[in-house]
Amino acid sequence: MTKNAIGSIFFLAFSCFYFFNVFNIKEMPGGQFEVMTASTFPFYIGICGIIISLLILILSFVKKDTDFLSIQYLKTLDFKTTMYFILAMIFYGFTIRTLGFIISTIIFLLIGFLLLKEKNIKRILLISCGVSIGFYLLLNNVLGVYIDPGMLYEFIIGDQS
């Protein structure tokens, strides 16, 4: 099998898994009457992923690629950095509720930049802080999507209920 065929099969499996888990997203009471719900974008992302992976899979058999998967090719891949990114994503998933969106996103982006060997610390901090605060403000204030500030924020500021 070619690299494109193997990659598209993995992407298809991931997209199908993602798509079928969209139906497990809980909706707000009365949300069934809304145009946009929590599962709207994930639903379309899953559909697009399935369509794209099927197109790549079909094209890999139609074009008859000669770029086969080999041991030499596998030796050129950087699996260590990939595993570090997976660990960073797991860390992000576990800390987002405790530290909050902004702090955990800043830490995740800092780790990502350092894994990609970016040397300019000023640029790393500026981009990490700007992106996380910008997304928070965009989601919370413009799009009206509530993002929980996290337990650390509630502990420092106090419960405002």
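See the structure above.
Predicted, not measured: the structure shown is a model, and the values here were computed from it.

Quick notes on the rules
Residues numbered from 1 in each chain as written. Predicted model: local features only at pLDDT ≥ 70, side-chain atom pairs only at ≥ 80, totals over all residues. Heavy atoms only, no water. Helix = DSSP H or I, 4+ residues; strand = E, 2+ residues; numbered from the N terminus. Rg over C-alpha atoms; globule rule 2.2 N^0.38 Å. Buried < 20%, exposed > 50% of the residue type's maximum accessible area, 1.4 Å probe, protein only. Contact = heavy atoms within 4.5 Å. Areas by Shrake-Rupley, 256 points an atom, 1.4 Å probe, with all protein chains shown as cover. Patch = residues over 30% accessible without salt bridge, like charges linked within 9 Å, V, L, I, M, F, W, Y side chains within 5 Å. Salt bridge = Lys/Arg side-chain N within 4 Å of Asp/Glu carboxyl O. Axes fitted to C-alpha atoms, helices over the stretch in contact; angles between N-to-C directions. Left-handed = near helix turned anticlockwise from the far one by under 90°. Nonpolar A, V, L, I, M, F, W, Y, C, P; charged D, E, K, R; others polar. Phe/Tyr/Trp six-rings, centres within 6.5 Å; stacked < 30°, edge-to-face > 60°.

Caption draft 1: Highlighting the overall build of the protein chain. Each helix and strand in the protein chain was counted, giving seven helices and zero strands. What you see in the protein chain, going N to C, is helices and strands ordered as α-α-α-α-α-α-α. For 161 residues, the compact-globule formula gives about 15 Å, and the C-alpha radius of gyration of the protein chain, at 20 Å, lies well above that figure. With respect to the principal axes defined by its C-alpha atoms, the protein chain has extents near 60 × 50 × 25 Å. Within the protein chain, buried positions represent 22% of all 161 residues. Of the contacts formed within the protein chain by residues at least 6 apart in sequence, a portion of 63% connects residues at least 24 apart. Carbon and sulfur atoms make up 74% of the accessible area of the protein chain, which amounts to about 12,100 Å² in all.

Caption draft 2: Structural context of the side chain of Ser104. With respect to the helices and strands, the residue Ser104 is situated in helix 5 (residues 101-115). The class for Ser104 is buried, based on a relative accessible area of 1%. Apart from residues lying up to four places away in sequence, Ser104 is in contact with Tyr92, Thr95, Ile96 and Leu99.

Caption draft 3: Up close: a nonpolar patch on the surface. On the surface, a nonpolar cluster with roughly 740 Å² of combined accessible area is contributed by Met83, Tyr84, Ile86, Leu87, Met89, Ile90 and Phe94. For Leu87, the position within the fold is in helix 4 (residues 79-99).

Caption draft 4: Here's a closer look at the side chain of Ser8. Tracing the backbone through its elements, the reader meets Ser8 in helix 1 (residues 3-22). In this structure Ser8 comes out as buried when scored by relative accessible area, which is 3%. Look past the residues within four positions of Ser8 in its chain and what remains in contact with it is Ser53, Ile56 and Leu57.

Caption draft 5: Representation of the packing of helix 5 against helix 6 (residues 121-142) within the structure. With their axes 9 Å apart at the nearest point, helix 5 and helix 6 run at an angle of 145° to one another. In the packing of helix 5 onto helix 6, the handedness of the crossing is right-handed. Residues Phe101, Ile102, Thr105, Ile106, Leu109, Leu110, Phe113 and Leu114 of helix 5 form the contact with helix 6, whose participating residues are Ile124, Leu125, Ile127, Ser128, Cys129, Val131, Ser132, Ile133, Phe135 and Tyr136. The residue inventory of the contact of helix 5 with helix 6, partitioned by class, reads 15 nonpolar, three polar and no charged.

Caption draft 6: Structural view of the packing of aromatic side chains. Overall, the coordinates contain eight aromatic pairs when judged by the stated rule. Ring geometry for Phe19 versus Phe23: centroids 5.3 Å apart, planes at 85°, classification edge-to-face. Classification of Phe19 by relative accessible area gives buried; the value is 11%. For Phe23, a relative accessible area of 52% gives the class exposed.

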